[in-house]
Amino acid sequence: MTKNSKLTVEIDGKKLEFKPGQSIIEVADANGIYIPRFCYHKNLSVVANCRMCLVEVEKAPKALPACATPVSEGMVVKTKSKATRLAQKAVMEFLLINHPLDCPICDQGGECELQDVSMGYGATGSNFRQSKRAVKDEDLGPLISTVMTRCIHCTRCVRFGREIAGVSELGACGRGGHMEIGTYLKDGVKSELSGNMIDLCPVGALTSKPFKFKGRSWGFGQHKGVSMHDCIGTNLFVHVHNTNIGHESKVMRVLPRENDLINETWIADRDRFSYMGLDKNRISQPMVKRNGTWIEVDWQEALTIVAQKMEQAKAAPQECAMIMSPSIPTEEAYIANQWWNELGMAYSSHQIKLTDSRDYKFTGAPVSGVKMSEISDWNSLVLIGSNPKSQQPILGWNIRKSQLAGAKVTHLSSIRNALNYEADQIISHPYDWLSILMGQAKKSGVKLDKMWDDVPVNKQLALTVPSLWVLGEQITMHPQGSLIRYLVNEIAKKTKGKVLTLTEGANTLGCWLASDSLGAEGVSYPASELLSQEKGLYWLHQVHPEQDAQFGAHSQNSLDKAFVIATNSFWSEKMKQYADIVLPVSTYSEMSGTIVNVFGNVQKFQAAVMPYEAARPAWKVFRVLGNLAEFEGFDYQSIDDITSKINFDFTDKIGYDYQPVSVNYLEKDGVLQTAVTHPLSCDAIVRNSKPLQDTVTQSIISISPDTLKEIGIDPKVKAVSALQSGIKRTYELNVTDDVAYQCAELSGGYSQFLPDLMAKVTLEGIYND
Amino acid sequence: MNSLNQVCLRNTDTDQSWTLEAYESIGGYSAWRKILKEKTDPNLIIEQIKKSGLRGRGGAGFATGLKWSFVDRDNPTQKYLVCNSDEGEPGTCKDTLILTLNPHQLIEGIAICAYVMGATKAYNYLRGEFILHYKRCEAAIKEATEKNLLGADCLGSGVDIEIFNVLGAGSYIVGEETAMLESLEGKRGMPRYKPPFPAMHGLYGKPTTINNTETLASVPVILEKGADWFAELGTERSGGTKIFCISGHVNKPGVFEVPLGTPFKDLLEMAGGIRQGRKLKAVIPGGTSMKLINANDSLDMKMDYSDIASKGSALGSGGVIIMDDSTCMVQALCHMMRFYEEESCGQCTPCREGSGWVYGILKDMLAGKAKPGDVDELYRVAKNIEGRTICAFGEAISWPVTSFVDLFREEFEFIVANNGKSMVESKLPGANHLAFGWPAYEQRDKL
């Protein structure tokens, strides 16, 4: 066969082209021919066990499963013939004999594949007279609800665990009609991607626990959303009640929106269940603190007070700082900065956790030119201070895909991460990482300035192939972050590698572009610097620095002394103390906007619901403040007017050309607490989502035996107390060799977290029971 | 009777027949030694096997020589040979004798086949209950390895062959070749969809050949005595001998290795004829997964692949089950279906759901709870399973049901119409409980 000749197969009398290796169902799907199926899913392996897709193929002695039968030249397939119908109806009958007829009380009703297909292929009555099978349910945790009697054993959930999530939490026990899907260990499902099993389940066996009995799919409207919890920009659908049939405007659930460039059909549990926090702890009215008590005021009064206050503050612009969340839409960052600039203020920041900012203003946009789809093409990946599996689960899954395709993955971290892919994990103290990278730089032949001569060289890392370097949260908070970024970029340049720097929040690049469009060259002052300077006035936009910044205790100290105006959607306990004026603003479900992820994908999302009580989209608040101050250029009619002001073309702004001027040396003094923000503590929405918080396990501190010996704690004690910036907490002690010497790693709930991340901690054993 | 036990069971009356010494005393390993010495062209061996007319003895009867030619010997990747010793077909007890009494001949057969495939590793997958067999095979491999008949660089020939015995975990379906591969890989024993076939994508995704124990144990004798000798033992299209396991209502149940084409009547005579002078009612010729043949058709039947096929059944595994006129066919079928209900792997919908449904209807019939029309229902359900599953287990449920109903429909109609009273029982009082011990397992089910 020549290269140009096209392969054709005949399905239902139509001649269709196909590529070698395609199955009948793939060709049919691509051409809009429907073949019923349950076990087949385009992103999972093919097992051909449900038998629903049996179709007649000419010259085959029996009906063949369309999902597992490769098409061949000249094959004739009949998806509507009598033989096909007979086979499919027979399978349907078998599927239904043991399936309960409880559709009216089943959450899957209305979006159930079995229900849909049975309308077309099922009989009106059943001849089955024996008793139906009943299966005991299992508690899979706070996210997934089970009614295993409804299970039709398609094993999609089992394959998802094995193939995508990389952890076989569900499996089949028992044979024949006694086969049951379960965990066997009765320990629940813990994967960070577990919610996808709910979508995959074609029946109501696995449904969403937080959504249980909350609504029917046909009563929902659907809006396009983008995840705001990490820098990946996972695509979502936000489902809301149709208000025109008398329901309140409320987010009912979140489902994945397919995007082959980013998340295919999967989303992380954090993206799926964070919506449960959207209505919790909300600020419902503008409020002003008078004589230590909070007083509700209307918007007009509040804005007038704020405008007056800012008019006074203008006199000392050096004393004012605005701290923004990096997870706000680009438009919000633009108008907030525009207003701040017009006021003549100098300091604004969207970099809450960046510590070493020496290189920040010298480099281009915080984008690496790496695409998600290219991650699986690399043969070697090096992750430094990063654990995407927990922090950016969709990126973690892509790294797993890459590893399964044969890539070598190396982790340089302070703790041995529990991963779902094979990796070399170099466990070392974060303050040694510069030396380890020096070793690699030497090996790669990087030419360095004389001032690097005194940096010790450690040869633990000795890669010879071009690698993708992924720099994570620990580098953002590393006191030598700029030096590490410089070295890694030099190594990558020399070895045909690339660097992917994982940014804070969901929209660091967007915030940068907003500043850049305002002519500020994208510069933002690191918040940690601003928060330590004890300014007179802080404007906090969608941040709670005591939880979001690297040095929580420090930040709170500054905030307590200053006049604090907060535009936020959520209260925090501490905010009630330090804030003086709060203005309620919309959270992401209540507004539209544009965000730009770490790969540079510019994505728009839509408002799904009405703003919560008196809350208003922040861009409108800043617009009115601009109008009140009679500034030019604040006459925006819609958010699109702001969007059009922003230049989203960053192609000529990529690049890292920083030259360090000095090397700072770090002394390993005592024990370093190395944990970064817990993935389920990343922002206020997630912190307020009860189902997600319920998955957080007990607070544990992991320390190596050597470290314990060094600081004189008996490894046999059950608990230790940890002291940081005057705050003391108690943790269960886990003695393990998987943590670097002189490091301590926390895992557990956010409320048990210490105030400062990547910072020194003083530990004491608790000896009495 | 000098035509008995000439191939796989040829040394069963020697003392300690399972030892290397005993096996070598009857010329064992001579074929293997010759191959190692002469470095025989594997294609010549395949030619010999093709010429001998040897067909797979596990049940499907696929031509062995042809199967061996499917694996690309020159493919540099690791190749595997798997010997299917997971003998579980109800009514079959032939491999058990080879494994306990003549393990060396099997090992020689495995070694030769592995040599032909270019496989350096072979697995002998034994049924979970075969503890003695496992020990004998382990001992045999040890003996052979000590003599360097196995292992690295066998007898200085440069040929490496390692054989591992693997004990199953008590599942019938693992006797299906692809389920066996899954089990060997440490997974749940569930058949794979074909294509891809094991010859391309088998154990650990590598080219793999799977043969039955009796098939492989026949190979050394074929090479020793010549393909023509073996072919002439049997009939034109069914070369060699076959082990038949006669069970059921005969006076002397037993295992007989006879030339293919032996008349069924002769075989029945070897087993001492029908017990208590009763009349033959029906025969299952090749294990319970095969279709039933009634007495009339069986009397002129020859025990070879084509003649049994012409009667509408198949030679299968050679488990010949004889039923006399005291057998209640509903009970017999129910007893068989209980087995299939228990052993369905649960993977495919029709088999998982259908096996229990069929068994349930039959239990209802026996318990007098059946409704008019249930015989048709039983037939329809069984027919709906056939041809719609990944492996042949679907047929193994469907064929017995449809053939039992086809041949003895009046018995099924009678039991439905008479609230569970068997037609046989009403003719032969007391015969009911003789057949398959129904009450005993009814009680077990309740436990």
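What you are looking at is a predicted structure, and each value in this text was computed from that prediction instead of being measured.

A. Layout of the overall build of chain A. Assigned secondary structure in chain A consists of 23 helices and 32 strands. A globule of 769 residues ought to have a C-alpha radius of gyration of about 27 Å, and chain A, at 28 Å, matches this closely. Projecting the C-alpha coordinates of chain A onto the three principal axes gives extents of approximately 85 × 70 × 65 Å. For chain A, the residues scored as buried account for 53% of the 769 residues in total. Excluding contacts between residues fewer than 6 apart, the proportion of contacts in chain A whose partners are at least 24 apart in sequence is 72%.

B. Seen up close, the overall build of chain B. Counting secondary structure elements, chain B contains 20 helices and 11 strands. The C-alpha radius of gyration computed for chain B amounts to 22 Å, which stays within 12% of the reference 22 Å derived for 447 residues, consistent with globular compactness. Once the C-alpha set of chain B is aligned to its principal axes, its extents read approximately 75 × 45 × 40 Å. Within the span of chain B, comprising 447 residues, buried residues form 58% of the whole. Taking contacts inside chain B between residues at least 6 apart in sequence as the whole, the part at least 24 apart equals 71%.

C. Here's a closer look at the interface of chain A and chain B. Contacts between the two partners involve 25 residues from chain A and, on the opposite side, 24 residues from chain B. A total of 6 residues in the side of chain A that touches chain B trace back to one element, the largest contributor, which is helix α2 (residues 82-97) of chain A. Tallied by class, residues from the side of chain A that touches chain B come to 14 nonpolar, 8 polar and 3 charged.

D. Structural context of the pairing of strand β8 (residues 280-284) of chain B. All names here are of chain B. Among the 5 residues in β8, 5 count as buried, and that is most of the element. Sheet topology note: the β8/strand β11 (residues 319-324) ladder contains 4 bridges and is antiparallel. Counted as the bridge partner of Ala282 is Met323 from β11. Where β8 and strand β9 (residues 293-294) come together, 2 bridges link them in antiparallel fashion. Bridged to Ala282 within β9 is Asn294.

E. The pairing of strand β12 (residues 251-256) of chain A, seen in detail. Residues and elements named next belong to chain A. Of all 6 residues making up β12, 6 are buried, and the element is well covered by its neighbours. Note: strand β11 (residues 235-241) against β12, 5 bridges, orientation antiparallel. Across the sheet, residue Val240 finds its bridge partner in β12, namely Val251.

F. Up close: the nonpolar core. Residues and elements named next belong to chain B. Ranked by internal contacts, the top residues of the largest apolar core, which has 364 residues, are Val82, Ile110, Ile112 and Val358. Among the elements that line this core, the one with the most residues is helix α17 (residues 393-417), at 11 residues. Aside from chain neighbours lying at most four places away, what touches Val358 is Met337, Leu378, Val381, Ala382, Ile397 and Val401.

G. Region of interest: the environment of A:Ser467. Residue and element names in this part refer to chain A. Inspection of the secondary structure puts Ser467 in the loop between α11 (433-444) and β20 (468-471). C-alpha separation for the pair Ser467 and Ile323, spaced 144 residues apart in sequence, amounts to 35 Å. Ignoring any residue separated from it by four or fewer positions in sequence, one finds Ser467 in contact with Trp378, Ser380, Leu381, Val382, Thr495 and Gly497.

H. Region of interest: the sheet that holds strand β28 (residues 700-703) of chain A. Residues and elements named next belong to chain A. Here 6 strands make up a closed barrel; going around it, the order is β27-β31-β28-β30-β29-β32 and the pairing mixed. Strand-to-strand twist across the sheet, computed as the mean angle between neighbouring axes with direction ignored, equals 45°. Strand direction decides the pairing type here: strand β29 (residues 719-724) and strand β30 (residues 727-735), joined by 6 bridges, are antiparallel. Note that in β30 the partner of Ala722 across the bridge is Arg729.

I. Broad picture of the domain arrangement of chain B. Residue and element names in this part refer to chain B. The domain boundaries assigned to chain B delineate domain 1 (3-233), domain 2 (241-324) and domain 3 (329-444). Put simply, the middle of domain 1 and the middle of domain 3, counted by C-alpha atoms, are 36 Å apart. Tallying the contact residues gives 9 residues for domain 1 and 8 residues for domain 3. Along the lines of polarity and charge, the residues of the side of domain 1 that touches domain 3 split into 7 nonpolar, 1 polar and 1 charged.

J. How the structure looks around the sheet that holds strand β10 (residues 220-226) of chain A. Residues and elements named next belong to chain A. One open sheet accounts for 3 strands, arranged β10-β11-β12; its pairing is antiparallel. Where the open sheet ends on each side, the last strands, each with one partner, are β10 and β12. Between one strand axis and the next, the sheet turns through 30° on average, direction left out of account.

K. Region of the structure containing the packing of helix α15 (residues 349-366) of chain B against helix α16 (residues 374-385) of chain B. Residue and element names in this part refer to chain B. The N-to-C vectors of α15 and α16 enclose an angle of 160°; their axes lie 10 Å apart at closest approach. Judged by the angle between their axes, α15 and α16 are roughly antiparallel. Relative to α16, the crossing made by α15 is left-handed. Across from Pro350, Cys351, Gly354, Trp357, Val358, Ile361, Asp364 and Met365 in α15, the residues of α16 making contact are Asp374, Glu377, Leu378, Val381, Ala382, Asn384 and Ile385.

L. A look at helix α19 (residues 618-628) of chain A. Residues and elements named next belong to chain A. Among the residues of α19, those classed as buried are Ala618, Trp619, Val621, Phe622, Arg623, Leu625 and Gly626. Next to the buried residues of α19 lie α7 (299-313), α8 (330-342), β22 (537-541), β23 (563-568), β24 (581-584) and α20 (639-643). The first or second residue beyond α19 is Glu630, which carries a positive phi of 55°.

M. Geometry of the packing of α2(A) against α15(B). Their axes nearest at 9 Å, the elements α2(A) and α15(B) cross at an angle of 60°. On the basis of their axis angle, the class for α2(A) and α15(B) is oblique. Pair α2(A) / α15(B) crosses with left-handed handedness. Note on element contacts: α15(B) touches α2(A) through B:Thr349, B:Pro350, B:Glu353, B:Gly354 and B:Trp357, opposite A:Ala90, A:Val91, A:Phe94, A:Leu95 and A:Ile97. Looking at the contact of α2(A) with α15(B) residue by residue, the classes come out as 7 nonpolar, 2 polar and 1 charged.

N. Region of the structure containing the environment of B:Ile397. Residues and elements named next belong to chain B. Tracing the backbone shows Ile397 in helix α17. With 69 residues separating them along the chain, Ile397 and Cys328 place their C-alpha atoms 19 Å apart. Once residues within four sequence positions are removed from consideration, Ile397 is found in contact with Tyr340, Cys351, Gly354, Ser355, Val358, Ala382 and Ile385.

O. Geometry of the confidence of the model for chain B. Residues and elements named next belong to chain B. On average, residues of chain B score 92 in pLDDT, and 95% of them reach the 70 mark or higher. Confidence over residues 432-441 falls short of pLDDT 50; this stretch has 19 contacts with residues more than four positions distant or in other chains. Here the predicted complex carries an ipTM of 0.92, next to a pTM of 0.93.

How each quantity is defined
- Residues numbered from 1 in each chain as written.
- Chains lettered and ligands numbered in written order.
- Predicted model: local features only at pLDDT ≥ 70, side-chain atom pairs only at ≥ 80, totals over all residues.
- Helix = DSSP H or I, 4+ residues; strand = E, 2+ residues; numbered from the N terminus.
- Rg over C-alpha atoms; globule rule 2.2 N^0.38 Å.
- Buried ≥ 20, exposed ≤ 12 C-beta atoms within 10 Å, placed from the backbone.
- Contact = placed C-beta atoms within 7 Å.
- Nonpolar A, V, L, I, M, F, W, Y, C, P; charged D, E, K, R; others polar.
- Pairing = 2+ DSSP bridges.
- Core = buried A, V, L, I, M, F, W, Y, C linked by C-beta atoms within 7 Å.
- Axes fitted to C-alpha atoms, helices over the stretch in contact; angles between N-to-C directions.
- Domains from an automatic or database assignment.
- Parallel < 35°, antiparallel > 145°, perpendicular 65-115°, else oblique.
- Left-handed = near helix turned anticlockwise from the far one by under 90°.
- pLDDT = per-residue confidence, 0-100.

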